[in-house]
Amino acid sequence: MKQLKKHLALIILTLYVSCSKNTDTPLGSVEKRVREVSDSYDVNYPKYSKTELIVAFHEKVTKADKKELRTRYGVISFQPCDLCEDGLIEKWKFGDDVNIEDKKLSIESGSGGPEGDITNVDCEFTFKLETAHDKKLKGTNKNSFLHQIVAVNKGVTIAVLDTGVDAQYPLFTSPFLYNSSRTSHAGEPSGWDFVNHDADCYDDYRLIHGTKVSYIVNKRLKDEGIPHQILPVKVCDKKGVASYFNILCGLKYALPKANIIQMSLGWYNKTTQVQKIFNQLVDNYSEKVLIVTSAGNHGVDNDVVGHYPSSYPQSNLVAIAAANSDYTDIAYFSNYGEQSVDFYALGEDVVFYDINNTPIPISGTSYAAPIVTAVSAGILYQSGMSYTPAQIIHELKNVGVY
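Since we're looking at a predicted model, the values are computed, not measured.

Conventions and cut-offs
- Residues numbered from 1 in each chain as written.
- Predicted model: local features only at pLDDT ≥ 70, side-chain atom pairs only at ≥ 80, totals over all residues.
- Heavy atoms only, no water.
- Axes fitted to C-alpha atoms, helices over the stretch in contact; angles between N-to-C directions.
- Helix = DSSP H or I, 4+ residues; strand = E, 2+ residues; numbered from the N terminus.
- Left-handed = near helix turned anticlockwise from the far one by under 90°.
- Contact = heavy atoms within 4.5 Å.
- Nonpolar A, V, L, I, M, F, W, Y, C, P; charged D, E, K, R; others polar.
- Salt bridge = Lys/Arg side-chain N within 4 Å of Asp/Glu carboxyl O.
- Buried < 20%, exposed > 50% of the residue type's maximum accessible area, 1.4 Å probe, protein only.
- Core = buried A, V, L, I, M, F, W, Y, C linked by side-chain atoms within 4.5 Å.
- Arc of directions from axis to C-beta.
- Pairing = 2+ DSSP bridges.

Draft legend 1. Broad picture of the packing of helix α4 (residues 209–223) against helix α7 (residues 365–382). It is at 9 Å that the axes of α4 and α7 come closest, and there the two elements cross at 35 degrees. Here the hand of the crossing between α4 and α7 comes out right-handed. Contacts between α4 and α7 involve His209, Lys212, Val213, Ile216, Val217, Arg220 and Leu221 from the first element and Ser366, Tyr367, Pro370, Ile371, Thr373, Ala374, Val375, Ala377 and Gly378 from the second. Of the residues in the contact of α4 with α7, the class split is ten nonpolar, four polar and two charged.

Draft legend 2. Region of interest: the pattern of salt bridges. Evaluated as defined, the whole model comprises ten salt bridges. Here lysine 60 and aspartate 117 are joined by a salt bridge, their closest N and O atoms 3.1 Å apart. Taken together, the residues span a long stretch of sequence, with lysine 60 in the loop between β2 (47–57) and α2 (63–72) and aspartate 117 in the loop between α3 (100–110) and β5 (118–128) at a distance of 57 residues. The class of lysine 60 is partly exposed, set by a relative accessible area of 48%. Classification of aspartate 117 as partly exposed rests on a relative accessible area of 24%. Ionic pairing is found between glutamate 108 and lysine 104, a salt bridge with its closest N-O pair at 2.8 Å. Taken together, the positions of glutamate 108 and lysine 104, both in helix α3 and four residues apart, correspond to about one turn of that helix.

Draft legend 3. Examining the nonpolar core more closely. If you look at the biggest cluster of nonpolar residues, it comprises 50 residues, and the most contacted ones within it are Ile158, Val292, Ile320 and Phe352. Ranked by the residues each element gives to this core, the list is headed by α7, at ten residues. Discounting chain neighbours no more than four positions away, the residues touching isoleucine 158 are Val217, Leu221, His228, Gln229, Ile230, Leu231, Ile260, Gln262, Thr373 and Ala377. Ala56, Trp192, Tyr205 and Leu265 belong to the second-largest nonpolar core, a separate cluster that totals 44 residues.

Draft legend 4. Summary view of α3. The set of residues buried in α3 consists of Ile100, Lys103, Lys104 and Ile107. In a view along the axis of α3, the buried residues occupy a sector of 100 degrees, so they form one face of it. Pointing more than 90 degrees away from the buried face of α3 are the exposed residues Leu105, Ser109 and Gly110. Each element contacted by the buried residues of α3 is listed here: β2, β4 (89–93) and β5.

Draft legend 5. Seen up close, the pairing of strand β17 (residues 359–362). Here β17 shows one buried face, formed by Ile360 and Ile362, and one open face, formed by Pro359 and Pro361. Of the pairings in the sheet, the one linking strand β16 (residues 350–353) to β17 comprises four bridges and is antiparallel in character. Each bridged residue has a counterpart across the sheet, and for tyrosine 353 the counterpart in β17 is proline 359. Two successive antiparallel strands, β16 and β17, enclose a turn made up of five residues, where asparagine 357 displays a positive phi of approximately 70 degrees.

What follows is the structure, given as structure tokens:
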């Protein structure tokens, strides 16, 4: 369980208010209203595949061993992660007549476990981005991005796992994308599209969600003079749908390159099922990479209905809820949770601009999270790039988010 004390930062006084629902604080006063909002939405639960599983191999397993395991368990086809040289994660597809839960149990009992050839097995699923509080905006329809790559990576690298980025959007006035020339495969100039399996991370989603998130991070850090670059990692398709496998592959790709990973997405889960491979990847970088996640927009208590990855307890992962436009209260749509939410930041009527430079207010915990990402990047840079995720989080509690 998360032990961080939650704070809602006021932009002028930098005062902090406990978000416990058992106190007489302003946040407690909106509990009834938040529950009413919760009742008005159908929470978008993930759609689980009936024929696919995700497996993580032990690092000692050879290619021959993997082939034998696929044969043993009746795998019809398999897919490794793009750009994954070690091949430790694969998606396995089975026949339509398979009982996927029985197959999962069979693998876990036969080859799974810490000492087995397969360290973890997860179910595959898809989910949609939450869009109830967002606005549709036109992108540029121009996928040119090479001129927006920084000459040399300096300062903080932030990986944005999202719908991609429209690098031609007028708000990006100077190069801001990660330079992959010395750290990657040929043909991978900056980031990767795990949906279409290519190097073009253009944001083709109708709400240009990833573009908005990237702009919030980029603008704040530019304004504060913090050297940085954004590594675009496209894991959501043009309809705003993400798969668990693509998120795993995106994480595996980004974790070795990034200092901070920004994830303004999530899925709900009423069961106790835990995505073990996701946790395994994050745990491997607990001392190196901070993960910033959005808490969700359905006005639900995440302590009761889990929202992931924001509800996961990893020490290097923080969950961000949304404050209202004047920083006095929780935003009416924001999820909350005394144990599962760490910080509040502005998430209502965040300023964005359309391609004609007209100001357009946007709302959602998706846009509160990148504010915390930018503040965290500033803290990391000011530490001489030496702070661990735990030290960044400690400093966030001291300085607040505003």
